[in-house]
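# Structure assessment
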Amino acid sequence: MTVLEGDPALAARIQAVRRPAPKPATVASIVTLVALAVLGVWSLIGMGFSLPAIVDSLGNIPQFVERTVPFAWPGWRWDRASEALVWEGWAPVGEFWGAIAMTLGIVISGTFLAFLVSIPVAYGAARNTSPHPTVMVACRAIGILSRSIPAVAFASIFVFLFALGPLPGILAFFLHSIGMISKMMADAIEQIDEGPRVAIRSTGGSKAQQFWSGIVPQALPAWIAVGLHRADINLRETVILGYVGVAGLGLELANSIHALNYRRAFPIALTIIVLCVIFEVVSSIVRSRLLGVRPTGKGPGDALVRGLARRSPRFAAAIEKPGVASVDRTAAIQAAMNRPWTGERIASRVAVWLAVVVLAGSFVAAQADWSDLFTFWGNLPILLDKENLWPPTFGIYTPEQVIGAVLTTFQVAFAATLLAAVLSMVVGSFAARNVAPNRYVRGGFRGLLLIIRGIPELILAILFVIVTGLGAQAGTLALAIGGVGLLGKLIADSLEEVPNGPERAVAAIGATRSQVYFASTVPMSVPAFVAHLLYLLEQNVRAATLLGIVGGGGIGLYLYDSLRVSKYDQAAMFIILITLLVMVIEGIAILIRRALK
C-alpha cells in the first residue's frame with residue numbers, strides 16, 4: 001500500500017487492469033449454494049424445527065437408557081419381576097445366527113441375480129456395444145426405472161404375492177440393484193481398450209466372441225467391484241425391508257421395536273452395524289485386489305483398508321497388483337500360453353472356488369421357497385383387481401394431505417442437507433491435514449467420521465424416533481447426523497487436495513491460520529463442495545422417502561400405513577409419487593452438475 005501511495009502512476013496502472021469475469025462454474029456454484037441455503041432455512045422454518053424442543057427431548061435419554069441397558073443378547077431374556085437377565089438356553093442363539101446367515105444370503109443372492117441380468121442390459125446400454133440406438137435407449141430406461149423405484153416398494157408388492165419370508169427381499173434387491181449395476185457396467189464397457197476387440201473382429205470373430213473375449217476380461221474386475229459395492233448398500237437396506245415383512249435381522253429388529261423391547265432391539269442393531277463394517281472391509285480388500293489399487297471409497301471399510309496399507313508394506317503389496325502399467329504384453333502372452341502353477345495362480349483358483357461356494361451357500365442360507373415363483377400367479381389377479389392395486393388412488397387421504405407429505409419429504413431432505421453441511425464444514429475442516437492444528441486433532445476427527453459412516457441412517461432414524469418422538473424432526477436429525485459422516489469425509493479430502501501454492505503465498509505475508517483458511521483454502525474448494533452437497537441432497541431425498549416407514553414423517557409414512565392395512569391402490573399411488581420425486585431430483589442434479597463443469 002505504501003508503494004502504491006508513493007507511485008500514483010503504478011497505482012493507476014493497477015487500477016486499470018481489468019479483473020477477469022467470474023467463470024460460469026463459479027457463478028453456478030454460488031447460485032447453487034445460495035439456493036440450497038434458502039431452501040434449507042425455509043424447510044427448517046416450515047417444519048417448525050425447534051432446537052429448544054430437541055434439547056428438552058434429551059431429557060428422555062436417561063429413561064431410554066434405563067429401558068435399554070443391560071442388553072438382552074440372544075439367549076437372554078429380561079425378567080421384569082426380578083429385574084435381571086435370565087438365561088433361556090442356546091436355541092435362541094442358534095436362531096439368531098440363522099437370521100444373520102439368512103440376511104447375508106438374501107443380500108448376496110439378490111445382488112448376484114442382479115449382476116447376471118445387468119450384463120445384457122449393460123451391453124445394450126453402452127455406446128460402443130449397443131446394436132441399435134433404440135436398444136440403447138430402452139436399456140438405459142430399464143436402468144433409470146430400476147434405480148428410481150425403492151427396494152422397499154418392490155418388497156412390499158412381493159410380500160403380497162409371496163407372503164412374508166426371504167424371497168420378497170431377494171427379488172426386491174434383484175430388481176432394484178439392476179439400475180446401479182447395469183449403469184456402472186456400461187460405463188466400464190465404454191472405458192475399455194478397443195484394441196483386443198478390434199483384433200478379434202479383424203480375424204472374423206463374431207460379436208459374441210468380441211464381447212466375451214475382448215471386452216469381458218477387461219471389464220470383469222470393475223464389474224465385480226461394482227457388485228460388491230452394491231451388496232454393501234443392500235446390506236444396509238435390509239433394516240427397512242424388515243419393516244414390510246422381509247425375513248432376517250431387519251424383521252427381528254422391526255418386531256422388537258414394535259414390541260418396545262429395546263433391550264432386544266439394540267443388540268440386533270449393533271449386530272447389523274458390525275456386519276456392515278465387516279462386509280465392507282472384506283469387499284474393500286477384494287475390490288482392491290481385483291482392481292490392483294488401494295480403495296478410494298468413502299465407507300469405513302475402505303478407510304480401514306487404506307490405513308492398513310499405509311502402515312504395512314506387506315499388506316499393501318498383498319492387495320495391489322505389482323506393475324500393472326509396466327507389464328510386457330508379449331512376455332505376458334507367452335507366459336499365459338504355458339502358465340506354471342505359481343502361488344498367485346493357486347490363490348486365484350482358490351478365490352474363484354471360494355466365491356462359488358459363498359454364492360451357493362448364500363442361496364442355501366437364504367432359505368427361500370423358489371417354488372413360489374411358479375405359484376404366485378394365482379395372487380396376481382387379486383393384486384391387479386381394481387379394488388386392490390389398480391387404479392392408484394389417494395384413498396382416505398386428500399390431495400392436500402398427500403401434497404403436504406411430499407412437501408414434508410422435500411423439507412426433511414433440504415433441512416438435513418443444510419444441517420449436515422454446517423456440521424460437516426466444521427468436522428471436515430479439522431479432519432483435513434492442511435487445516436487441523438496437529439495430527440492428533442486430525443486423527444480424532446477422522447475417527448469420528450469413520451464411526452458415523454459405519455451406522456446405517458435407518459438405525460439412526462429409529463434411535464431419534466425413540467428419543468424425540470415420531471415426526472419429521474427425527475428424520476431430519478437422522479439424515480443430518482448420518483450425512484456428516486459422508487459429507488465431512490468428502491470435504492476433508494477436498495480441502496487436502498487444493499493446490500498449496502496460494503496457501504503458502506497468503507501465509508508468507510504474515511496471515512494467520514484462520515486467514516489462510518478463509519482467504520485461500522475454502523474459496524478453492526467451493527466447486528468440489530457444491531458437487532458433494534448435490535450428491536448428499538440426492539441421497540437425502542431417496543432416504544427421506546423411506547424414513548417415514550420407521551416414523552420419520554413424509555410420504556414414506558403414508559406408504560407404510562397403506563401397506564400395513566393392505567391398501568395396495570394407495571401404496572401404488574405413493575410408490576409412483578416417490579419414483580417421480582427421485583427422478584425429478586436426479587434430473588435437476590444432472591443439469592446443475594453440467595453447469596458446474
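Residues numbered from 1 in each chain as written. Predicted model: local features only at pLDDT ≥ 70, side-chain atom pairs only at ≥ 80, totals over all residues. Heavy atoms only, no water.

## Regarding the overall build of the protein
- When its secondary structure is counted, the protein shows 26 helices and two strands.
- Looking at the protein as a whole, 46% of its 597 residues are labelled buried.
- Nonlocal contacts in the protein, meaning residues at least 24 apart in sequence, comprise 73% of its contacts between residues at least 6 apart.
- Split by element, the accessible area of the protein, about 30,300 Å² in all, is 68% carbon and sulfur. (Helix = DSSP H or I, 4+ residues; strand = E, 2+ residues; numbered from the N terminus. Buried < 20%, exposed > 50% of the residue type's maximum accessible area, 1.4 Å probe, protein only. Contact = heavy atoms within 4.5 Å. Areas by Shrake-Rupley, 256 points an atom, 1.4 Å probe, with all protein chains shown as cover.)

## Focus: the pairing of strand 2 (residues 84–87)
- Bridge analysis of strand 1 (residues 76–79) against strand 2 gives four bridges, and the strand direction is antiparallel. Within the sheet, the bridge partner assigned to Trp 76 lies in strand 2 and is Trp 87.
- Where strand 1 hands over to strand 2, the hairpin turn is made up of four residues, of which Glu 83 adopts a positive phi near 50°. (Pairing = 2+ DSSP bridges.)

## Focus: unusual backbone geometry
- Here Val 69 and Pro 70 are connected by a cis peptide whose omega angle stands at 0°.
- Tracing the backbone through its elements, the reader meets Pro 70 in the loop between helix 5 (61–68) and strand 1.
- Phi angles above zero are rare outside glycine, and Gln 367 is one such case at about 55°.
- Here Gln 367 shows up in the loop between helix 17 (343–366) and helix 18 (380–384).
- For Gln 367, a relative accessible area of 53% gives the class exposed.

## Notes on the packing of aromatic side chains
- In the structure shown here, the tally under the stated rule is 15 aromatic pairs.
- An angle of 85° between the planes, with centres 4.9 Å apart, marks the rings of Tyr 123 and Phe 211 as edge-to-face. Taken together, the residues Tyr 123 in helix 6 (residues 91–125) and Phe 211 in helix 11 (residues 207–242) connect sequence positions 88 residues apart.
- Overall, the relative accessible area of 5% leaves Phe 211 in the buried class.
- The structure contains a cluster of three or more aromatic residues connected by ring pairs, namely Tyr 123, Phe 211, Trp 212 and Trp 223.
- Sitting above the plane of the Trp 78 ring, Arg 263 keeps its charged end 3.8 Å from the centroid. (Phe/Tyr/Trp six-rings, centres within 6.5 Å; stacked < 30°, edge-to-face > 60°. Lys NZ or Arg CZ within 6 Å of the ring centre and 35° of its normal.)

## Concerning helix 6
- With 35 residues, helix 6 extends 50 Å from end C-alpha to end C-alpha; this agrees with the ideal 51 Å at 1.5 Å per step.
- Along its length, helix 6 reaches its greatest deviation from straightness, about 35°, at Ser 118, and the proline Pro 120 lies no more than four positions downstream. (Expected span 1.5 Å × (residues − 1). Bend = angle between axes of the 7 residues up to and from the residue.)

## Describing the side chain of Arg 263
- On the secondary structure map, Arg 263 appears in helix 13 (residues 262–291).
- For the buried Arg 263, no salt bridge is present, and the opposite-charge side chain at shortest range is Glu 66, 6.7 Å distant.
- Only 2.9 Å separates the side chain of Arg 263 from the backbone oxygen of Glu 66, close enough to count as a polar contact.
- Not counting residues up to four positions away in its chain, the partners in contact with Arg 263 are Glu 66, Arg 67, Thr 68, Val 69, Pro 70, Phe 71, Ala 72 and Trp 78. (Lys, Arg positive; Asp, Glu negative; His and termini not counted. Salt bridge = Lys/Arg side-chain N within 4 Å of Asp/Glu carboxyl O. Polar contact = N/O pair within 3.5 Å; in protein donor to acceptor, adjacent residues only side chain to side chain.)

## Focus on empty space enclosed by the protein
- According to the stated counting rule, one finds six cavities of 30 Å³ or more in the structure shown.
- Here the largest cavity defines a volume of roughly 50 Å³.
- Every residue lining the largest cavity is listed: Leu 253, Ile 257, Ala 265, Phe 266, Ala 269, Ile 459, Ile 462 and Leu 463.
- Listed by contribution, the elements that provide at least two residues to the lining of the largest cavity are helix 12 (249–258), helix 13 and helix 21 (457–468).
- Estimates place the volume of the second largest cavity at around 50 Å³.
- Taken together, Thr 103, Ile 106, Thr 238, Leu 241, Gly 242, Val 246, Ala 247, Gly 248, Leu 249, Gly 250 and Leu 251 form the lining of the second largest cavity. (1 Å grid on protein atoms, 1.4 Å probe; cavity = no way out; pocket = protein on both sides within 12 Å on 5 of 7 lines; lining within 4 Å. Points joined across faces, edges and corners; volume = space filled by probe spheres on them.)

## With respect to the pattern of salt bridges
- Inspection of every chain in the model, using the stated rule, returns 13 salt bridges.
- Residue Lys 183 pairs with Asp 187 through a salt bridge whose shortest N-O separation is 3.0 Å. Within this pair, Lys 183 and its partner Asp 187 are both found in helix 9 (residues 167–190), separated by four residues, close to a single helical turn.
- Take Lys 183: its relative accessible area is 40%, and that puts it in the partly exposed class.

## Topic: a nonpolar patch on the surface
- A grouping of Leu 51, Val 55, Leu 58, Ile 61, Val 65 and Val 69 is seen on the molecular surface, where their side chains present a nonpolar patch of about 510 Å² in accessible area.
- When residues of the nonpolar patch are traced back to their parent elements, those giving at least two are helix 4 (51–57) and helix 5.
- Assignment of secondary structure puts Val 69 in the loop between helix 5 and strand 1.
- Val 69 sits in the partly exposed class, given a relative accessible area of 47%. (Patch = residues over 30% accessible without salt bridge, like charges linked within 9 Å, V, L, I, M, F, W, Y side chains within 5 Å.)

## Observations regarding the packing of helix 7 (residues 133–148) against helix 9
- Relative orientation of the contacting elements helix 7 and helix 9 amounts to 135°, with a least axis distance of 6 Å. The angle between helix 7 and helix 9 places the two elements in the oblique class. Judged by the twist between their axes, the crossing of helix 7 over helix 9 is left-handed. Contacts between helix 7 and helix 9 involve Arg 140, Gly 143, Ser 146 and Arg 147 from the first element and Leu 175, His 176, Ser 177, Ile 178, Gly 179, Met 180, Ser 182, Lys 183 and Glu 190 from the second. (Axes fitted to C-alpha atoms, helices over the stretch in contact; angles between N-to-C directions. Parallel < 35°, antiparallel > 145°, perpendicular 65-115°, else oblique. Left-handed = near helix turned anticlockwise from the far one by under 90°.)

## Description of the confidence of the model for the protein
- Across the protein, the average pLDDT comes to 80, with 87% of residues at 70 or higher.
- Mean pLDDT values for the elements of the protein range from 54 in helix 1 (residues 2–6) up to 93 in helix 6. (pLDDT = per-residue confidence, 0-100.)

## Overview of the nonpolar core
- Counting 108 residues, the largest nonpolar core has Leu 241, Leu 249, Leu 253, Ile 257, Ile 272, Leu 559 and Phe 574 as its most contacted members.
- Counting residues in hydrophobic clusters, the runner-up holds 22 residues, among them Ala 114, Ile 119, Phe 174 and Met 185. (Core = buried A, V, L, I, M, F, W, Y, C linked by side-chain atoms within 4.5 Å.)

## Here we look at the environment of Glu 280
- Structurally, Glu 280 can be placed in helix 13.
- Look at Glu 280 and you get buried, because its relative accessible area is 7%.
- The sequence separation of Glu 280 and Leu 228 amounts to 52 residues, and the corresponding C-alpha distance is 8.5 Å.

## A closer look at the side chain of Glu 496
- Residue position: Glu 496 is located in helix 22 (residues 472–497).
- At a separation of 2.7 Å, a polar atom in the side chain of Glu 496 contacts the main-chain amide nitrogen of Arg 433.
- Dropping the residues within four chain positions of it, Glu 496 is found in contact with Ala 431, Ala 432, Arg 433, Asn 434, Arg 442 and Arg 446.

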